[in-house]
Structures are given as C-alpha cells and as structure tokens.
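In case you want the letters, here they are:
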2 protein chains.
Amino acid sequence: ENSLMTIAPKGLDQVFTAMCGTCAVECALKAAFMAHQHKMRGGAPFTEEELTSCMKNLPPGSPNLSIMSFQGGFHGRLLGALSTTRSKAIHKVDLPAFDWPVAPFPQIKYPLEQHAAHNAAEEERCIQAVRDTLIANPNCIAIVVEPIQGEGGDNEASPSFYRALREVTLELDRFMVVDEVQTGGGNSGTWWVHEQWGLETPPDAVTFAKKLQTAGFYHNINLRPSEAYRNFNTWLGDPVRAMMAGKIIEIAKRDNLLENSTITGKFLKDELLKLSEQFPGLISNVRGRGTFMAFDAETPEKRDALVYNMRQAGVQTGGCGVRSIRLRPQLVFTPTHAGVYLDTLEKVVKQMS
Amino acid sequence: ENSLMTIAPKGLDQVFTAMCGTCAVECALKAAFMAHQHKMRGGAPFTEEELTSCMKNLPPGSPNLSIMSFQGGFHGRLLGALSTTRSKAIHKVDLPAFDWPVAPFPQIKYPLEQHAAHNAAEEERCIQAVRDTLIANPNCIAIVVEPIQGEGGDNEASPSFYRALREVTLELDRFMVVDEVQTGGGNSGTWWVHEQWGLETPPDAVTFAKKLQTAGFYHNINLRPSEAYRNFNTWLGDPVRAMMAGKIIEIAKRDNLLENSTITGKFLKDELLKLSEQFPGLISNVRGRGTFMAFDAETPEKRDALVYNMRQAGVQTGGCGVRSIRLRPQLVFTPTHAGVYLDTLEKVVKQMS
C-alpha cells in the first residue's frame, strides 16, 4: 500500500523500474521509439528487412528517429539521454551525439506580476518554435521536458505553457515525456510537479529517480512494448531501493510531509522575497514550488562567493545554471530548519553588502 | 582489504563505479572518447567552437567518433551501448543507432583438437578483418569485446586471438575495452577471464557488473577524464551493493571459491564431454572456463525441449545464442552440486533419445 503505484501520476497506470535517472529517461525514450514504430507497422510483425538492417545499425531497422528537447534541459549523461541534454557544454563535449532537434525554453522575468505581458509573449514564442520544430522534423517522435529545468538554472515556465505544449504534442501526434527525475518526490508540495499544471490529457511518460531513491518511469498503456524483454536490464531496479522508496512514501503519508513542504516552502519564499528587496545583488528572481526553490545572484562571481561564504558559515548550498542557487531540502525540512537557513543567509548577505 | 581494488586486473589501478552493466560499458566508452579528444588537442583546453557546437550535437564538439564491436557481441541496451550490441535483432529493432563498424567474431569448431587448422585460419581471418575495419575507420577510437560472447551463444576464441587483437589495437593506436560484465566475478576460475590470455599489455578498461552485484569499470590512467565530473552520475554506484561485493570478495578468498570453480568446472566439463559422446544430438561443443560453461544442442528446437524437460525435472537451466545452453553457477557450486545437475541431465537426455 506504500508502493510506487500509490503515488502514480493520474492517468499513468504502468511503471518500469530502472537503475538510475539516466536509465529511466533512456528507457522511456526507448519505449516511445518502439511504440511509434509499432504504430507505423499497424501492429504487424517486424519485417525481415527491419530485423536484418538493425544488426548493421542501419534503417529501416535502426530508424532515423529523434527526440526534441529544450535549451537548458538536462536529462542525463549516457549517449542517448545526453543527446537531449542541453544544459552545459562540459557534459557533452568530446562525445558523439545524435543530431536531434532542440527548441528554446521560455526565459521568464521576475517578479511575475511586473512582467506578465513579456512572459506571456515569451512563452507563446517558444510554443510556436516547438510547433515549427516538430513540423520541420516529422521523424521527431517525442519531446522530453522538465517541469523546472534543475541543472539548467531552475528555469520555470507557467502551467499554461505546459498545457499548450501538451496540446501541440497531441495535435501533431508526438509523445510527451515529462522528466521528473529532479522535480519528483514531493518537496514541490505534490509528488509530481506536472500535477500542478492542470493538464487535460496526462503526459505519456513521467520519469523519476533521485529523491525517491529508486528510478524508473510511469507510462500509459501505449508505451508498453509489443513484446516482452524489449525494454530490459539484468537488475531492472533494486529491491533494496524499492523498499527504501516504500518507506519514504509511507512516512511522507503518515507525517503529511508534502503538506509540510508546501507550508515550509511558502514561509521560505516569503522571507526570501523580503531579503531580495534588501539585497537584490545577491538574491533576486526568487522562484519555485514547495521547498524546491531557487534564486539568482547578479553575477556568477557573486553567486560563487555567496555559496562559499554560506559554507564558511556552516550551510552547504548548491549552485545551478550560471548564477543561481538551488534549494533541495528533504521532505522533513520544516519552518524551523528554514529559519536556521534564513538567519544564516541574512547574516552572510549583510556581511557581503 | 576486500574492496574492488584488491581484485583489480593487473595494470589497471583506477576504478569507476556505476549503476548497472550497461552504464559501466557506456561510461568506459565515454572515458575513451574523452581521452582520445584530449590527446588530439595535445592536452590543450576545449576550443570555443567545440564548446558551442556540442550544444547543437554537431562536430567538432560532438565528434563523429565510433566504437568497433563484434558480430554476436552484447554490451547492453541503452542507445550508446546498444550500438555496439550485435547479438539479437529483438534488442535493437525500432531504436535509433550510431552507424558504428562491426567485425566478425571467430566461429570456432569443436572439439578443438580435431579442428586446430580450421580454427587458427578462422581466427587469422577475423584479426585481418579487425585490422581492415580499423584502418578503414580512422574515427573508430576503440574496440569493445567480450572474453566469451555470453548472450551471443557462449562463443569463445583462443588466448592467441585476444593477444593478436591487443597487438592490432596497440599498433593502430586504438583503445581496447574488455567487457567482463558477464564473464567477471570468479566462476571462470580467475576474477577476470582476460587474465587467462597472457596479454603483454593489459586492456585499457575492463567492465564488471552481474555476479559482483555492483557495476563499473577498471581502467588505466590514460582513461581518467581531464576534468572532474565529466564522467558522472548522481548515485555513481550504490554503497549497499559495494558492501555486498566486498562480502562476496571476502568469502571467495576465505573459502578458496575460485579454486573451487576451477575444480568443479573441470569435473563438469569431463562429464559433459562423456555425455556428448553418447548423446551428440543434445550435447555437443562443450566449452567454457571454470564453471562458466556451455554446450549446444543440434537444433534450436532440441535445445528448447531440453531446457523444458530439465525444468520439469527440477533444474532451471538457461538458453543462449540460437541452440546453446549456458551454465552460470554461483561461486559456491561444488562437485556435489555438479553431480546432482549431471544426474538429472543424464536422465533427461536418455528419456529424450
């Protein structure tokens, strides 16, 4: 009763377990490729030519299909997933990649209420770019997108952007994979951030790893491979880690830890917004959901100095993107802990100002 | 004192841990790509063009480099590793692949003493094909090879074949990755099968997973990335599994389990050879090292029937290749256990004959 299926996103009643986040993403993409080709064959068996040519890594058996991802996105580091990762050159340089398409991700300005018109236009521009890219790439069978671009700098887009994205994928008949390896697990206030978008049609697949201590992806029946063992691995996830996930889920339910993340996150955001008014050079663009939050310093140098000074003051805090700081507390992080963090942060930014 | 480094192959004093066998192979290949490009730059930093182009998945930052593998080889199922897997179409069909080169693997005939001339000529033909393939593909920076092609049907080649292979890679300046995900772990009689080849120069990398319960690869200093975090993963292996591997290594040393595998394997092979003289339609081409063994039935149908009948008689036994049966006992498998297996096998093959 505390298994992965009890927290499955609405509409996704299948789960595939894997060994790590990258494996989860690549297996989800593999399922999408298989489902697409199965549909193209009209459910018919593989052709002899497909079976022969794939042994030579050539079409039609190894089809020239692609996955669209977003600038700033991070989806893992093995060669397939890495071809969808677009966050930093250091992850990609020197490694062969599939020539797959990419679309711009909205560059939102904060505070949101002062930039509503700009942000709406920016999101509309990106949706149009996605549509153009998918139309120009008929062999692009799926898109993969994060609810918040974690590694890329905690870039968010609005729920209406994601609803429009889902509409485009449905209209153009492409799969939508939502990569919640970093955002899933409850500290956004819900088990899955995409549940906060109000989608009419759920995504086709949702990946998970990190915070849940076990990896894999949820999916709908369309992404179930036509034959057994096509999407496979010797270990296919780890029973010890599945038990850890079960215990995490059990305690999160028992102690209302998702609600705690919502409450703590609201407190943290309100206080960070106050600090950002006093110290805009070090704290700006406060954003996030639940305790899954981030803010920016004015420059990469100021960000690095702030991370260093926080560590000297006893608080380990992580950078992301070029000038952002990301907060990724555990589910048990309460307003009391947030208070300790905020006191230290205030002391440090005062010293730096 | 029972860590992974105490069983490191000779000459490889670095280890990288990963989450599964496929991850181990791909991370080893990533290390080879990085090392090659680093060498091509003469140790200079990345160029601006490399850093920019890799974000678009285009050369020179995403270089058009390749890995050569062998027909019948199996190296995993994620998209990079899968481009080197050549065992069965069902693993590959419908999935995009890198257009990487492949070479023939020796098709050895048994018993070895009756086919010495054929086998030597066959291995020479394959070495020549490897050389031709590498010369024709200057962008092919490494080869990956199994000591025994497990998934492909327990195909073996002689130590002299592998010594010649190592010489070709050194002569043509390519890396050699030995994939011991299936063969490593001690039941061949040594921790690593490639240690039985008598190589003058060790391979550049050796992968492991499966039997050791933890995954990764050993490598020499040349395959150490130029910067930290280039070959990386959130979990980078699992401490629980590392402890399991440590305990396996401890007990294997304490109880001389590698020697046990050698002794048990010799008994098993001798008895299987006797049975193969009586029942050549069901048991032929007996081969292997230690208890890592296999034999062939005359046809796929006979193999499948034998697997089925063995299961009915209480023994679970696995197929591989098109008509082979593979034995993969644990390290604690003694001659007593082998006797139980052989008695059941004899009873079943008599009934089937």
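Residues numbered from 1 in each chain as written. Chains lettered and ligands numbered in written order. Predicted model: local features only at pLDDT ≥ 70, side-chain atom pairs only at ≥ 80, totals over all residues. Heavy atoms only, no water.

## Some remarks on the overall build of chain A
- Scanning chain A from terminus to terminus reveals 10 helices and 13 strands.
- Taking 2.2 N^0.38 as the reference for a compact globule, 353 residues should give roughly 20 Å; the C-alpha atoms of chain A span a radius of gyration of 21 Å, in line with that estimate.
- When burial is assessed residue by residue, chain A has 58% of its 353 residues classed as buried.
- For chain A, contacts bridging at least 24 residues in sequence account for 71% of all contacts bridging at least 6.
- With an accessible surface of roughly 14100 Å², chain A has 55% of that area assigned to carbon and sulfur atoms.
- Across chain A, the 36 positively charged side chains and the 39 negatively charged ones have centroids separated by 3 Å. (Helix = DSSP H or I, 4+ residues; strand = E, 2+ residues; numbered from the N terminus. Rg over C-alpha atoms; globule rule 2.2 N^0.38 Å. Buried < 20%, exposed > 50% of the residue type's maximum accessible area, 1.4 Å probe, protein only. Contact = heavy atoms within 4.5 Å. Areas by Shrake-Rupley, 256 points an atom, 1.4 Å probe, with all protein chains shown as cover. Lys, Arg positive; Asp, Glu negative; His and termini not counted. Charge placed at Lys NZ, Arg CZ, Asp CG, Glu CD.)

## With respect to the nonpolar core
- Ranked by internal contacts, the top residues of the largest apolar core, which has 72 residues, are A:Phe33 and B:Phe33.
- When neighbours within four sequence positions are excluded, B:Phe33 is seen to be in contact with A:Leu79, A:Asp94, A:Leu95, A:Pro96, B:Leu65, B:Ser66, B:Ile67, B:Trp100 and B:Ile141. (Core = buried A, V, L, I, M, F, W, Y, C linked by side-chain atoms within 4.5 Å.)

## Describing the domain arrangement of chain A
All names here are of chain A.
- For chain A, the assigned domains read domain 1 (4-254) and domain 2 (257-352).
- Spacing between the C-alpha centres of domain 1 and domain 2 amounts to 28 Å.
- Listed as interface residues are 25 residues of domain 1 and, on the opposing side, 22 residues of domain 2.
- Around 2000 Å² of area is buried between domain 1 and domain 2 when both sides are counted, 53% of it from carbon and sulfur atoms. (Domains from an automatic or database assignment. Buried area = accessible area lost by both parts, 1.4 Å probe.)

## Remarks on a nonpolar patch on the surface
- On the surface, a nonpolar cluster with roughly 280 Å² of combined accessible area is contributed by A:Val240, A:Met244, B:Val240 and B:Met244.
- Within the secondary structure, B:Val240 is located in helix α7 (residues 239-254).
- Relative accessible area serves as the criterion here: at 35%, B:Val240 is assigned to the partly exposed category. (Patch = residues over 30% accessible without salt bridge, like charges linked within 9 Å, V, L, I, M, F, W, Y side chains within 5 Å. Salt bridge = Lys/Arg side-chain N within 4 Å of Asp/Glu carboxyl O.)

## Comments concerning the packing of aromatic side chains
- Scanning all chains against the criterion turns up 25 aromatic pairs over all chains.
- Centroid distance A:Phe208 to A:Tyr218: 5.1 Å. Interplanar angle 45 degrees. Geometry classified as tilted. With A:Phe208 in strand β8 (residues 205-208) and A:Tyr218 in strand β9 (residues 215-219), this residue pair connects regions lying 10 residues apart in the sequence.
- For A:Phe208, a relative accessible area of 0% puts it in the buried group.
- Aromatic side chains B:Phe70 and B:Phe161 sit 6.3 Å apart centroid to centroid with 65 degrees between the ring planes, which places their arrangement in the edge-to-face category. (Phe/Tyr/Trp six-rings, centres within 6.5 Å; stacked < 30°, edge-to-face > 60°.)

## Here we look at the sheet that holds strand β3 (residues 102-103) of chain A
Residues and elements named next belong to chain A.
- Read across the open sheet, the 7 strands follow the order β1-β9-β8-β7-β4-β2-β3; overall the sheet is mixed. Both edges of this open sheet fall to β1 (14-18) and β3, since each of them pairs with a single strand only.
- Sheet topology places strand β4 (residues 140-145) next to strand β7 (residues 175-179); 4 bridges connect them, and they run parallel. Paired with Val145 across the strands is Val178, a residue of β7.
- Running at roughly 165 degrees to strand β2 (residues 66-70), helix α5 (residues 116-136) makes contact with β2, β3 and β4 of the sheet.
- Along the sheet face, helix α6 (residues 159-171) touches β2, β4 and β7 and points at about 145 degrees away from the line of β7. (Pairing = 2+ DSSP bridges. Axes fitted to C-alpha atoms, helices over the stretch in contact; angles between N-to-C directions.)

## Quick word on the state of the cysteines
Residues and elements named next belong to chain A.
- Counted under the stated rule, the structure contains 0 disulfides over all chains.
- With no disulfide partner, Cys54 has as its closest neighbouring cysteine sulfur the one in Cys27, 18 Å distant.
- Judged by relative accessible area, Cys54 falls into the buried class, the value being 0%. (Disulfide = S-S within 2.5 Å.)

## Digging into the interface of chain A and chain B
- Every contact between the two is made by 56 residues of chain A and, on the other side, 56 residues of chain B.
- Around 5200 Å² of area is buried between chain A and chain B when both sides are counted, 62% of it from carbon and sulfur atoms.
- For the chain A face of the interface with chain B, the top three residues by lost area are A:Asn57, A:Asp94 and A:Trp235, together amounting to 15%.
- Where B:Asp94 meets A:Arg230, a salt bridge forms, and the shortest distance between an N and an O atom there is 3.0 Å.
- There are 28 residue pairs in polar contact (both at pLDDT 80 or more) connecting chain A and chain B.
- Mapped by element, the contributors of at least two residues to the side of chain A that touches chain B are α1 (21-40), α2 (48-53), α3 (79-82), α4 (89-92) and α7 (239-254) of chain A.
- Broken down by element, the residue count for the side of chain A that touches chain B peaks at 8 residues, all from α1(A). (Polar contact = N/O pair within 3.5 Å; in protein donor to acceptor, adjacent residues only side chain to side chain.)

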